[in-house]
Amino acid sequence: QFEETLITARMEAVQDLEDELTAATAESEGGAKSKTAAEVQGRLAEAQVDLDMRLARLEKLTERRPEMLSSVLLRQNPHSVKQWLRRVGLF
């Protein structure tokens, strides 16, 4: 749920930047238009790259979840044969 909230917040930020770009393009004229639009476009590209990196990290953590959970359970009770068998089943 925490990750979903982060993604939602980041997507809203990207949407705000897109709205800002649209407003800057509509209001500006001439050289100022290209500068403002380019600045907003650059920020939008940075936000997209950041979002892509966060999504990749989330996917990697999601894939590793069973292994990490197994590690935690084995730290709590390293003598649990049942947990060791589950751990072997992961690999």
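Quick notes on the rules
Residues numbered from 1 in each chain as written. Predicted model: local features only at pLDDT ≥ 70, side-chain atom pairs only at ≥ 80, totals over all residues. Heavy atoms only, no water. Helix = DSSP H or I, 4+ residues; strand = E, 2+ residues; numbered from the N terminus. Areas by Shrake-Rupley, 256 points an atom, 1.4 Å probe, with all protein chains shown as cover. pLDDT = per-residue confidence, 0-100. Core = buried A, V, L, I, M, F, W, Y, C linked by side-chain atoms within 4.5 Å. Buried < 20%, exposed > 50% of the residue type's maximum accessible area, 1.4 Å probe, protein only. Contact = heavy atoms within 4.5 Å. Patch = residues over 30% accessible without salt bridge, like charges linked within 9 Å, V, L, I, M, F, W, Y side chains within 5 Å. Salt bridge = Lys/Arg side-chain N within 4 Å of Asp/Glu carboxyl O. Lys, Arg positive; Asp, Glu negative; His and termini not counted. Charge placed at Lys NZ, Arg CZ, Asp CG, Glu CD.

Engineer: Is there a simple way to explain the overall build of the chain in this structure?
Structural biologist: Check the secondary structure of the chain and you find three helices and zero strands. Going from N to C terminus, the chain has its helices and strands arranged as α-α-α. About 7200 Å² of surface is accessible on the chain, with carbon and sulfur atoms providing 56% of the total.

Engineer: Looking at this structure, I do not really get the confidence of the model for the chain. What am I missing?
Structural biologist: Parts of the model with low pLDDT should not have their predicted coordinates read in detail. Mean pLDDT over the chain: 79, with 82% of residues reaching 70 or higher. Per-element confidence in the chain ranges from a low mean pLDDT of 73 for helix 1 (residues 2-27) to a high of 92 for helix 3 (residues 81-90).

Engineer: Just to check I follow, could you spell out the nonpolar core for this structure?
Structural biologist: Counting residues in hydrophobic clusters, the biggest one holds six residues: Val14, Leu17, Leu21, Val40, Leu44 and Ala47. Of all the elements in the fold, those that place two or more residues in this core are helix 1 and helix 2 (30-76). Among residues more than four places away in sequence, those in contact with Ala47 are Arg10, Val14 and Leu17.

Engineer: When you look at the side chain of Ser70 in this model, what are you seeing that I'm missing?
Structural biologist: Looking at the element boundaries, Ser70 is found in helix 2. With a relative accessible area of 6%, Ser70 lands in the buried category. Discounting chain neighbours no more than four positions away, the residues touching Ser70 are Gln83, Arg87 and Leu90.

Engineer: Would you explain a negative patch on the surface in this entry?
Structural biologist: A surface patch of negative charge is lined by Glu12, Asp16, Glu18 and Asp19. Structurally, the position occupied by Asp16 is in helix 1.

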